[in-house]
Every structure is written in structure tokens, then in C-alpha cells.
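Each chain is listed here by its residues.
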Amino acid sequence: MQRIVFLDRDSLRANVRVPAFQHAWQDHAATAPDDVVARLAGATVAITNKVPLRADAIARLPDLKLVAVAATGTDNVDLAACRAAGIVVSNIRDYSLVSVPEHCFTLILALRRNLRAYAADVEAGKWETSSRFCLLDHPIGDLAGTRLGIVGYGALGRQVASIARAFGMDVVATSRSPITDTSVTELPLDELLATSQVVSLHLPLTDATRHMIGARELALMQPGALLINTARGGLVDEAALANVLMEGRIAAGFDVLSEEPPGSNNPLLRLRLPHFLLTPHIAWASFGAMQTLADMLVDNIEAWQAGTPVNVV
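Residues numbered from 1 in each chain as written. Predicted model: local features only at pLDDT ≥ 70, side-chain atom pairs only at ≥ 80, totals over all residues. Heavy atoms only, no water.

### Things to note about the overall build of the protein
Just so we agree on the cut-off: By definition, any uninterrupted DSSP run of H or I lasting at least four residues is a helix, any uninterrupted run of E lasting at least two residues is a strand, and each is numbered from the N terminus. Atoms considered for the radius of gyration are the C-alpha atoms alone. The globule rule reads 2.2 Å times the number of residues to the power 0.38. Only protein chains enter the area calculation, which uses a 1.4 Å probe; residues under 20% of their type maximum are buried, those over 50% are exposed, and those in between are partly exposed. Working rule for contacts: check all heavy atoms of both residues, and any pair within 4.5 Å makes them a contact. Methods summary: accessible areas were calculated by the Shrake-Rupley approach with a probe of 1.4 Å, and residue burial reflects only the protein chains presented. Asp and Glu are treated as the negative residues and Lys and Arg as the positive ones, with His and the ends of the chain left uncounted. Here the site of a charge means NZ on Lys, CZ on Arg, CG on Asp, or CD on Glu.
Counting secondary structure elements, the protein contains ten helices and twelve strands. The C-alpha radius of gyration of the protein comes to 22 Å, within 12% of the 20 Å expected for a compact globule of 313 residues. Along the longest, intermediate and shortest principal axes, the C-alpha atoms of the protein span 75 × 45 × 30 Å. Among the 313 residues that make up the protein, the fraction classed as buried is 50%. At a minimum sequence separation of 6, the contacts of the protein that also span at least 24 residues come to 60%. Carbon together with sulfur atoms contributes 54% to the accessible area of the protein, which is approximately 14800 Å² in total. Considering the protein, the positive charge centre built from 26 side chains and the negative charge centre built from 32 side chains are found 0 Å apart.

Quick look at the structure:
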């Protein structure tokens, strides 16, 4: 009988169906890193959304056979250690193809039309004392006719491109894999950054992509351009971005930070700027997306139990 332990059940607000095989299931609302080994002792299946599973913990869990990641990103799991121990790691793919792109454009539109600044003006009573019927204190830009540069042209990148075309945007992209979409122009990263009015990141965090957007890359972006990150915080050098934002050269909308929950010393947390929006890693978390994730999570576990694992990392 399989023993299944969900280390951070409260991270998934959805109905998780009972797997269709004999098992014992234990939920933990959340798990501190120091409690991982104790809670997974004797478990054959570990479910984790963001709880780290590092090499030292994996070495002390001889019964573990499957790590079912309740997310797409697997940077919280030591894949090499799992591979060496013969542990299968599966993740969830393409569950948020509506939620993340919609959140991406929520950030883009809010910044392009200066919604934060105008909402603050209304709250401060400026509209009530205006000499005209409207306030026009902040620039408002359209999306039609502008260029969106997508960094990482996987499933999410393609969905973002589809929405962008509906807005009348010119879409360019850079990707690790060849781009076969003829409606998208493939560009090197530097050219994409220099020619796009909006840049959106859709890459996993790896050693190769960490801080891929630093001071040099930010300097290539056009004045007034938008940088959107709904992928992973570590893709961007946050200190370099904070400096550029304080200078007012570009605007940015982020849903992720390099450490989550963030420490108080994160330079982006201290910013109070109308051209910077920060949301707490919620792009993935619509009700529909979370339920799809929960269903796929159990699908992965059942496929592994049947001897035909899917979505193996």
C-alpha cells in the first residue's frame, strides 16, 4: 500500500480526488524545511508545491519512490539526487494556460494605462477638485501597434502571443527551442529587448537562466518599456531592476520574487512607484486553474502507480 504525504496542502485550494488505488494519505497544511524528513518518513509518495526537497533530505528517505510536484516549476526539488536514488519526479504542465496569460495582461494593461496612479488620484480627492470632467495627469498608452517580446516560447508564451495578436500587437520571441509559429518573428534576446515596448518572461529558473535579465539587459530596453515577469523571480537581478525603476526609465509588473515569501530586505518590496506593480505569486491561482492542477496531480500519481508515469521531469 502506498503512503502519500502532501507537505503543503493549503497551497492548493481545490478538491483533490481520492486516488483509485489502495493507499494511506496524510495532509499537512504547510511544512518547514526542518520537518520534511520526519513527515516523509515511510512515505512512498511525496506531494510538494513549494516545500524544498534537497539532497540531504532525499538521502534519508529510503522508501520514497515518487515526488509529485503540485506545480510546473521544479527548482525546489534536487532532481539529480532523485535521479540517483531512483525516485520519479513528475510535475504539472499546461494547467494555467488561461490564468497566467490573463494575469500577464492584467499587469500590462494596468501599467500601460497608468491605472494605479489614476486610482490613487481618485482616492486622494483630485477628481472632485478637477476643473475638467476628467484627469489627464499621467500618460495613457495603447497596446495596438506596439511590439511584445516574449522570452520563452513554450505553451504559456504561445498563449500570451495569441492574446497579444488580438490586441493588435506585433509579437516577437526568443526561445531555447526552435519556433515554428510563422506568425511570430524570432529574435536574439538583445534585439528583442531593444525593440519591444513590452517584454514578458516565460522561462523556468535554471542555472542558465538565473539573472538573465541584469543591468546590461535592462539598459537595452526602450525608455518607458514594460517588463513583465509571471515566471520566476530569479530570472531578474532584482537590485538592478530596483535601480532602473527608481530612475523611472522603464515600468515593471511582477508576480514573483527570488525568495518567497520575500524577506524584508528585498529591494523591490520597498518601492512605492506608480510604474511598478507587484502581486504575491497569484497568476497561477484562479479557481479553474487550481482545480485543473489538482486533477492532473492525481492523474500523475495514478499513472505512476499503474507503471506508466507521465509528466516525468
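Right, picking up where we left off after that structure.
### Details of the sheet that holds strand β3 (residues 45–48)
Which entries qualify depends on this criterion: Think of it this way: DSSP has to see at least two bridges between two strands before they count as a pair. What counts as an axis is a line fitted to C-alpha atoms, over the stretch in contact for a helix, and the angles between N-to-C directions run from 0 to 180 degrees.
Spatial strand order, β2-β1-β3-β4-β5: five strands in an open sheet with parallel pairing. Two strands in the sheet have a free side with no partner beyond their single neighbour: β2 (23–27) and β5 (88–90). Within this sheet the neighbouring strands show an average axis-to-axis angle of 15°, counted without direction. Lying on the sheet, helix α10 (residues 287–305) is in contact with β1 (2–6), β3, β4 (66–69) and β5; it crosses β4 at an angle near 160°.

### Comments concerning the pattern of salt bridges
Selection criterion: Any carboxyl oxygen of Asp or Glu that lies within 4 Å of a side-chain nitrogen of Lys or Arg is treated as forming a salt bridge with it.
Taken as a whole, this structure holds nine salt bridges when the rule is applied. We note a salt bridge from R216 to E217, for which the minimum N-O separation is 3.2 Å. By relative accessible area, which is 49% here, R216 ends up partly exposed. Owing to a relative accessible area of 12%, E217 belongs among the buried residues under this scheme.

### A short note on the nonpolar core
The following threshold applies: The definition of a nonpolar core used throughout is a set of buried Ala, Val, Leu, Ile, Met, Phe, Trp, Tyr and Cys residues joined through side-chain atoms within 4.5 Å.
Among the nonpolar cores identified, the biggest contains 31 residues, and L218, L227, L241, L245 and L268 are the most heavily contacted of them. Contributing elements (two or more residues each) for this core: α7 (189–195), β9 (198–201), α9 (238–247) and β11 (251–254). Take this core: its biggest share by element is five residues, from α9. If sequence neighbours within four positions are ignored, L227 has contacts with V199, L201, I213, L218, M221, L241, I250, A251, A252, G253 and F254. Residues A14, V16, I47 and V298 belong to the second largest nonpolar core, which totals 24 residues.

### With respect to the sheet that holds strand β6 (residues 147–151)
Here we have seven strands laid out as an open sheet, ordered β8-β7-β6-β9-β10-β11-β12, and parallel in their pairing. Two strands close off the open sheet at either side, each with one partner strand: β8 (185–186) and β12 (276–278). Across four bridges, β9 lies against strand β10 (residues 226–229) in parallel orientation. Note on β10: the bridge partner recorded for S200 is I228. Helix-sheet contacts for helix α6 (residues 155–166) involve β6 and β7 (170–174), and the interaxial angle to β6 is about 175°. The sheet strands contacting α9 are β10, β11 and β12, and the helix crosses β11 at an angle near 135°.

### Brief notes about the pairing of β4
Note the cut-off: Place the viewer so that the strands point away; then a crossover is right-handed whenever the path from the first strand over the helix to the second strand goes clockwise.
Of the two faces of β4, the one holding L66 and A68 and the one holding V67 and V69 are both buried throughout. Bridge count for β3 against β4 is four bridges, and the pairing is parallel. If you follow T48 over to β4, its bridge partner there is V69. Strand direction decides the pairing type here: β4 and β5, joined by three bridges, are parallel. The residue of β5 that forms the bridge with L66 is V88. Of the crossover connections in this fold, the one passing from β4 over helix α3 (residues 79–85) to the parallel β5 is right-handed.

### Observations concerning α9
Inclusion rule: Whenever a nitrogen or oxygen atom comes within 3.5 Å of another N or O atom, the pair is scored as a polar contact, on the condition that within protein one atom can donate a hydrogen and the other can accept it, and that pairs from neighbouring residues in sequence are kept only if both atoms are in side chains.
For α9, the full list of buried residues reads E238, A240, L241, A242, V244 and L245. Its buried side turned inward, α9 meets α8 (215–220), β10, β11 and β12. Structurally, the start of α9 carries an N-cap: the backbone nitrogen of A239 is 3.2 Å from a side-chain oxygen of D237. Phi for G248, located one or two positions after α9, is positive at around 80°.

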